[in-house]
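A structural walkthrough
Chain residues, written in single-letter form:
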Amino acid sequence: MASSSFTLSFLLSLILLLLLPLLASAKQGFSVELIHRDSPKSPLYDPSKTLPEQLREAARRSIARADHLRRVFSDDTYHSRLFPNPIGDYLIEVNVGTPAHKIFAVIDTGSDLTWVNCNPCIGCHPTFEPKSSSTYHRFSCGDNACADFPIHSCGKGHTTCDYTLPYADGSYTSGFLATETFTFDTTPGYEVPILNVVFGCSHFTQMTVATDTVALVGLGRGDDSLASQLGTIVGKKFSYCLVPPFRDAGSSHISFGANAVVSAPNAVSMPLINGPIPSFYYVPLRSLTLNGQSIPVNSRHVMLDTGAALTMLDSDLVQSLEAGVKNIMKLPTVQRPELSLCFDIRSNRNVRYPIITFEFDGVSLTLDVGHVFMFLDANTACLAIISSGDADQPGVIGNRAQVNFHVGYDLDNRKISIAGVNCAYF
């Protein structure tokens, strides 16, 4: 008996010794590759789709996202904690459990709870078997952690800590709240294990649209997001740097902790402000200029979002912007179902595209042609800015407008920092 006890103690000590360098690396910060859903590295990649088809689908996903956000921001849903549907453009690879099981999860700065489809899963494809993991722990209703979690359900007759996460279009995911080890493969090539991550082990997932989402990493401002849970390990900081999608331009990355500090000489910061949905990252939009000419801004704030490719602004602002763009470009327009303003550029291959600048509190963000135009084919250039609704609904700065910017989120100091960089070499 004494020999067995000594062997077990020795093995535990050895495991801890092996983990210490990895945990130390985590405390210093770490970076992980972000994978665009249409990249050959993505499990969602369809080699039969042409580039124009991929762009049109990206536009349609953004339009669906805009519709879901409108429902989220409607007065009658403010207090029901609805979230936009998880139709994300970027995935992160994470290893869940012990032994580790690799999954690809959508990242979403507009959601808090991280969840994974677990076996058994009704209405969904399970990607994780909790019974096979030695580090999986399901909360009971008696656990303090269950009571502290805002979306738990422990009604009469419940012994397990259940959750249901509703989305604005009627979709939902529900299951058990649990903890598990999440291990990240970092870009330098070593593994970083994060112990006791609180997540949703989903056994019922119903999506009203075909999202192909089997897991989601929530990076919102709420206490239950992964960004907040990492606070005790690396601090509540994360950043990302997105390369241009749909071309061989290197890899996008997401960083946590010390690696997330935006320290380029041209870095600027702006304050995070409170908005109607606590999970979202709102910044104050003060004005917008088109080739140096100011356009009135009615909306009080906009949010940065990784889940949509397109930028979405209030309808009055979009109408003024479209009128100004038409006047500058002086090209024939064409109808496309995905976007409201498209130009036929066949007659002029030397098009002079307008310069659009967003003015925040002390920060000017000037966007180039790749940020504000989407080329659906060789002959068609469309404005990648659509209507989000009326001025009472916050606008959205989509991921296309964030390409080749290092964007850092500091939850403790309530600020966002941005620096223009070449993300392929970042």
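Residues numbered from 1 in each chain as written. Predicted model: local features only at pLDDT ≥ 70, side-chain atom pairs only at ≥ 80, totals over all residues. Heavy atoms only, no water.

1. With respect to the overall build of the protein chain
- Helices and strands together make up the secondary structure of the protein chain, namely seven helices and 28 strands.
- The 426 residues of the protein chain split such that 53% are buried.
- Counted over contacts in the protein chain with a minimum sequence separation of 6, partners at least 24 positions apart contribute 67%. (Helix = DSSP H or I, 4+ residues; strand = E, 2+ residues; numbered from the N terminus. Buried < 20%, exposed > 50% of the residue type's maximum accessible area, 1.4 Å probe, protein only. Contact = heavy atoms within 4.5 Å.)

2. Side note on the state of the cysteines
- Inspection of every chain in the model, using the stated rule, returns four disulfides.
- Covalent S-S linkage joins Cys-118 and Cys-201, the inter-sulfur distance amounting to 2.0 Å. One disulfide, between Cys-118 and Cys-201, carries an S-S torsion of -125° and so falls in the left-handed class. Separated by 83 residues along the polypeptide, Cys-118 in strand β4 (residues 115-122) and Cys-201 in strand β9 (residues 191-206) bring together distant segments of the chain. Like Cys-118, the residue Cys-201 is buried in the burial classification.
- With its sulfur 2.0 Å from that of its partner, Cys-241 forms a disulfide with Cys-423. Residues Cys-241 and Cys-423 share a disulfide whose torsion about the S-S bond is about -80°; that sign makes it left-handed. Taken together, the residues Cys-241 in strand β11 (residues 237-241) and Cys-423 in the segment after β28 (415-420) connect sequence positions 182 residues apart. (Disulfide = S-S within 2.5 Å.)

3. Focus on the sheet that holds strand β23 (residues 373-377)
- Pairing within the open sheet is antiparallel, and its four strands lie in the order β19-β20-β24-β23. Unpaired on one side and paired on the other, β19 (333-334) and β23 mark the two borders of the sheet.
- Helix-sheet contacts for helix α6 (residues 315-329) involve β19, β20 (342-344), β23 and β24 (380-383), and the interaxial angle to β20 is about 15°. (Pairing = 2+ DSSP bridges. Axes fitted to C-alpha atoms, helices over the stretch in contact; angles between N-to-C directions.)

4. Quick look at the packing of aromatic side chains
- Taken as a whole and assessed by the stated rule, the structure comprises 15 aromatic pairs.
- With a centroid separation of 6.4 Å and an interplanar angle of 75°, the aromatic rings of Tyr-136 and Phe-199 are classed as edge-to-face. With Tyr-136 in the loop between β4 and β5 (137-138) and Phe-199 in strand β9, this residue pair connects regions lying 63 residues apart in the sequence. Across the pair, Phe-199 and Tyr-136 agree in class, each one buried.
- Among the aromatic residues, those joined into a ring-pair cluster are Phe-30, Phe-184, Phe-238, Tyr-240, Phe-256, Tyr-281 and Tyr-409.
- Across from the ring centre of Phe-176, 4.3 Å away, lies the NZ or CZ of Arg-138, which sits over that ring. (Phe/Tyr/Trp six-rings, centres within 6.5 Å; stacked < 30°, edge-to-face > 60°. Lys NZ or Arg CZ within 6 Å of the ring centre and 35° of its normal.)

5. So, unusual backbone geometry
- Geometrically, the link from Thr-98 to Pro-99 is a cis peptide bond, its omega value of 0° lying close to zero.
- Residue placement: Pro-99 occurs in the loop between β2 (90-96) and β3 (101-108).
- Cis rather than trans, the peptide bond between Asn-119 and Pro-120 has omega equal to 0°.
- Positive phi, close to 55°, is recorded for Asn-196, a residue that is not glycine.
- Looking at the element boundaries, Asn-196 is found in strand β9.

6. Observations concerning the pairing of β28
- Relative to β28, strand β13 (residues 268-271) runs antiparallel, the two sharing four bridges. Among the inter-strand pairings, Val-268 is bridged to a residue of β28, identified as Ile-418.
- The hairpin formed by strand β27 (residues 405-410) and β28 contains four residues between the paired strands, and Arg-414 there has a positive phi angle of roughly 55°.

7. Notes on α6
- Here α6 contains 15 residues, and its C-alpha end-to-end distance of 21 Å stays within 8% of the 21 Å for a straight helix at 1.5 Å per residue.
- Within α6 the residues assigned to the buried category are Leu-317, Val-318, Leu-321, Glu-322, Gly-324, Val-325 and Met-329. Taken down its axis, α6 places every buried residue within 165° of arc, on the same side. What points out from α6, more than 90 degrees from its buried face, is the exposed set Gln-319 and Asn-327.
- In this structure Asp-314 caps α6, since a side-chain oxygen of it lies 3.2 Å from the backbone nitrogen of Asp-316.
- Two residues or fewer past α6, Lys-330 is found with a positive phi of approximately 50°. (Expected span 1.5 Å × (residues − 1). Arc of directions from axis to C-beta. Polar contact = N/O pair within 3.5 Å; in protein donor to acceptor, adjacent residues only side chain to side chain.)

8. What to know about the environment of Ile-103
- The residue Ile-103 is located in strand β3 in this model.
- Taking relative accessible area as the criterion, Ile-103 reaches 3% and is therefore assigned buried.
- In this structure the C-alpha to C-alpha distance between Ile-103 and Pro-43, which are 60 residues apart in sequence, comes to 9.6 Å.
- Discounting chain neighbours no more than four positions away, the residues touching Ile-103 are Ile-92, Glu-93, Val-94, Val-96, Val-116, Thr-127 and Ala-215.

9. Here's the deal with a nonpolar patch on the surface
- On the surface, Ile-122, Tyr-172 and Phe-204 cluster together into a nonpolar patch covering about 280 Å² of accessible area.
- Tracing the sequence through the fold places Tyr-172 in strand β8 (residues 172-185). (Patch = residues over 30% accessible without salt bridge, like charges linked within 9 Å, V, L, I, M, F, W, Y side chains within 5 Å. Areas by Shrake-Rupley, 256 points an atom, 1.4 Å probe, with all protein chains shown as cover. Salt bridge = Lys/Arg side-chain N within 4 Å of Asp/Glu carboxyl O.)

10. Describing the pattern of salt bridges
- The full count for this structure, using the stated rule, is eleven salt bridges.
- Notably, a salt bridge pairs Glu-338 with Arg-56, separated by 4.0 Å at the nearest N-O pair. Linking Glu-338 in the loop between β19 and β20 with Arg-56 in helix α2 (residues 51-72), this pair joins segments that are 282 residues apart in sequence.
- Taking the shortest distance from any N to any O, the salt bridge between Glu-93 and Lys-102 comes out at 3.6 Å.
- The exposure class of Lys-102 is partly exposed, given its relative accessible area of 48%.
- Each member of the salt-bridge network shares a partner with another, and the members are Arg-56, Arg-60, Arg-336, Glu-338 and Asp-377.

11. Things to note about the nonpolar core
- Among the nonpolar cores identified, the biggest contains 76 residues, and Phe-238, Ile-254, Phe-358 and Ile-416 are the most heavily contacted of them.
- Grouped together as the second largest cluster of nonpolar side chains are 18 residues, Ala-66, Met-374, Leu-376 and Val-396 included. (Core = buried A, V, L, I, M, F, W, Y, C linked by side-chain atoms within 4.5 Å.)

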